[in-house]
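# Observations on the model geometry
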Amino acid sequence: MRDSATTRQRVEAGLKRRRRKERVFRITGMLATTVGVLFLAVFFADLVGKGSTAFMQTFMQLDVEFSADVLAPDGEIDLVYADFDGLVRTALRKEFPEVSGRSDRRELNRMLSIGAGYQIRDMLAADPELLGKTQSIWVPASSNVDMVMKGNIDPSIDEALRPVSDMQVEWIRALQASGRLAKKFNVALFTNGDSREPELAGIKGALMGSFYMLIVTVVLAFPIGVAAAIYLEEFAPSNRWSDLIEVNINNLAAVPSIVFGLLGLAVFINWAALPRSAPLVGGLVLSLLTLPVIIIASRAAIKAVPPSIREAALGLGASEMQVVFHHVLPLALPGMLTGTIIGMSRALGESAPLLMIGMVAFIVDVPAGFSDPATALPVQIYLWADSPERAFAERTSAAIIILLAFLLIMNLTAVILRKRMERKW
Amino acid sequence: MRMANMMDVDPREDQPPGLHDTGAAAERPVERATSAADTNNVVEQLTDLGETVGEVRCENPFIVAENIDVFYGDNHAIKDVTLEIAKSDVIALIGPSGCGKSTFLRCLNRMNDSIETARVTGRISMDGQDIYGKNLDPVALRARVGMVFQKPNPFPKSIYDNVAYGPRIHGLAADRAELDTIVHTSLERAGLLKEVKDRLDEPGTGLSGGQQQRLCIARTIAVNPEVILMDEPCSALDPIATARIEDLIDELSSDYAIVIVTHSMQQAARVSRRVAYFHLGLLVEVDETNRIFTNPQHRLTEDYITGRIG
């Protein structure tokens, strides 16, 4: 036995070193956290800086005459073949009467979006009374005008290096001066499907595609996942087979998502002959992808239910089923829902498997059902990021912001659900 | 020293399990070694004989356990135990940790069924019916044999729902009014009604430890069982709560056969009519409580109740 004096000396001799180690560890941790937060801040600042402008869009105010000669040459309004673009162009030319010559006029026309003509048509379709009247209307400007307005195209550089000519820049300045060119909230971004024209492209198609897909996923993956977890945890005998199943489920959770896409292509499209590019197939594939996540989370939630509750119920004469459905499930449900929502947000952000089943196509129409061709939010981001037009850059960022907002909402829901339903025992 | 210690303490006070071990080891390591060797000898003899000292039979037996062996995998947890329990009995199962008393208790309502590796051989009959028989559903058995656990385990539901759960799943109440009556009488009999009658909607988990345990007893008697098994029902409670539970056991003993596992010999002495002493899976001695504590027949029983082993 050492006497207590030497023990004290030894402890004190080493104390400084121990404390220093602790300090170093703490500082390292703080540094790591700071670096992480910094990266996140840079990412968000960049994203918002680039994407926020997409929520505003440049519009041009024109006095459009709904000329009966053009719209109803035979006395009847022709919504299909009438020259709506011509009406808008005429209105724009009235602003610049000095412009003459074919090429100059074409330059002028290029400042308009092709959406302007569609807008006139839709207005007339909604209200045939407009025929013969002149109305002051805000119509979308072309994306190049929009880019100049937002400062994304610099008019001071050499004319050959930018898609906007000197003449167009001049007209833009003139329209701006007369208050006929202004930025307004970009409704089209939320109400339109995809388009080749950036100023008309919207995410509604992708949003609805993702929505239908997640419906399929949650309807399939949640009940199957929870049922599998309950069976494996409560009823399955523990033998070599159940061990094998457990290992495989854990492995499935780690399988790269594109492999699931390939499986979906082979099984659902080639073999089961389901439609290509459909949210139904996307949802099926994403169900496969999220099932292991849900099963693992649900099993953990079931395991966390204290055995004393089971014993209490069994001791009262509850059957195994009653124990599960009266006691285990209610207590495990918050954890199961959290797992499901986290699985769903993973599914929402997934793009690779969707590429394999044809959901990467350029689809203008907003899907109206589970078997309509559709794309999904992350795929839309991929498609826009791939587009050459300058104006798609900001839309890509805007779509990312929207996707992240949805993910945030879903994860918040998971947290709130857990807090709300969590019961103490 | 140990004896004096035991007598000095408040008779209400539970001795935490495990105190014996550390105490004996620290105080008399040499003597203990001898006694442990002795004990092993005696156990060997006992295994050879396979005989339980005292009186395993009783008049009008309600539960008859014959030659019970329990295995957990390769572990032989209970060895050839025979014991009869009468309807009017309060029998305490005592013995050192790991001696098989809880295992035996769990055989009586087939709670061992839920342990996959557990295997029970022998015959246990209740009211003449083999409870391990093919045509007996453990669910029906557990409605007749209630159980109170070591740690109070109310459901995370309201006090009312806790008590009403058993009657509900077994369909014992025809309507809401009858269920109300069952809940009230059960709480009353468990001595809890006065404290909780204004807050039946509040969660049962919000009660104090002693109240929770009485709630668990109320929940058990709401099914109106014939036997109540108690697995160290007071080991997680303070002395006052323990005293209340013991009083309650006394009251309940007029209507139910009670089998109680306890680590506290004082408790066994206070509440039980008969005592069964288990050691390493063997039932060493069974007798009336008085006789066990004043005049134990077996050397092991004597060593245990005087605190020499534990």
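Keep in mind that this is a model prediction, so the values were computed, not measured. Residue positions are counted from 1 within each chain, in the order its sequence is given. Going through the entries in the order they are written, you letter the chains from A and number the ligands from 1. For a predicted model such as this one, the threshold for reporting local features is a pLDDT of at least 70, and the threshold for listing and counting side-chain atom pairs is 80 or more; totals across whole chains, interfaces and linings nevertheless cover every residue.

## Some details on the overall build of chain A
Numbered from the N terminus, helices here are DSSP runs of H or I no shorter than four residues, and strands are runs of E no shorter than two. Along chain A, the regular secondary structure elements total 17 helices and three strands. In summary, chain A has a C-alpha radius of gyration of 31 Å against a globular reference of 22 Å for 425 residues, an excess of more than 25%. Each principal axis of the C-alpha distribution contributes one length, and for chain A these read about 105 × 65 × 40 Å. Exposure classification rests on a simple neighbour count of other C-beta atoms within 10 Å of a residue's own: a residue reaching 20 or more is buried, one at 12 or fewer is exposed, and one in between is partly exposed. C-beta atoms are placed from the backbone. Buried residues in chain A amount to 37% of all 425 residues. Note that contacts rest on C-beta atoms placed from the backbone: two residues are in contact if these are within 7 Å. Restricting the contact set of chain A to residue pairs at least 6 apart, pairs at least 24 apart contribute 76%. Computation of the radius of gyration draws on C-alpha atoms alone. For the globule rule, the value is 2.2 Å times the number of residues to the power 0.38.

## Things to note about the domain arrangement of chain A
Where interface size is given, it is often the accessible area lost as the parts come together that is meant. All names here are of chain A. Here chain A is partitioned into domain 1 (4-52), domain 2 (56-196) and domain 3 (204-421). Contacts between the two partners involve twelve residues from domain 2, matched on the other side by twelve residues from domain 3. Among the secondary structure elements, those contributing two or more residues to the side of domain 2 that touches domain 3 are α6 (143-149) and α8 (188-191). Each residue belonging to the side of domain 2 that touches domain 3 can be placed in one class, and the counts come to four nonpolar, six polar and two charged. Where each domain starts and ends follows an automatic or database-derived domain assignment. Amino acids are sorted into nonpolar (Ala, Val, Leu, Ile, Met, Phe, Trp, Tyr, Cys and Pro), charged (Asp, Glu, Lys and Arg) and polar (every other residue, Gly among them).

## Remarks on the environment of Pro 225 of chain B
All names here are of chain B. Among the structural elements, Pro 225 can be located in the loop between α9 (209-221) and β8 (227-231). Separated by 32 residues in the primary sequence, Pro 225 and Ala 257 have C-alpha atoms spaced 9.3 Å apart. Residues contacting Pro 225, with those up to four places away along its chain left out, are Ala 143, Arg 144, Val 145, Gly 146, Thr 220 and Tyr 256.

## Some words on the sheet that holds strand β3 (residues 181-185) of chain A
All names here are of chain A. Here the rule is simple: two strands pair whenever DSSP picks up at least two bridges between them. On the basis of which strands lie adjacent, the open sheet formed by three strands has the order β2-β1-β3 and antiparallel pairing. At either margin of the open sheet sits one strand with a lone partner, and together these are β2 (134-140) and β3. Taking each pair of neighbouring strands and ignoring which way they run, the sheet shows an average axis angle of 40°. Both strand β1 (residues 56-65) and β2 contribute to a ladder of seven bridges, which runs antiparallel. From the neighbouring strand, Glu 65 faces β2, where its bridge partner is Thr 134. Simply put, an axis is a line fit to the C-alpha atoms, just over the touching stretch for a helix, and the angle between two N-to-C directions goes from 0 to 180 degrees. Here helix α3 (residues 84-95) sits on the sheet and contacts β1 and β2; the angle it forms with β1, its principal contact strand, is near 90°.

## Concerning the interface of chain B and chain A
With 21 residues of chain B at the contact, the number on the chain A side is 17 residues. Where the side of chain B that touches chain A is concerned, the elements lending two or more residues are α5 (138-144), β7 (145-148) and α6 (159-170) of chain B. Looking at the side of chain B that touches chain A, the element that brings in the most residues is α6 of chain B, giving four residues. Residues of the side of chain B that touches chain A, tallied by class, amount to ten nonpolar, seven polar and four charged.

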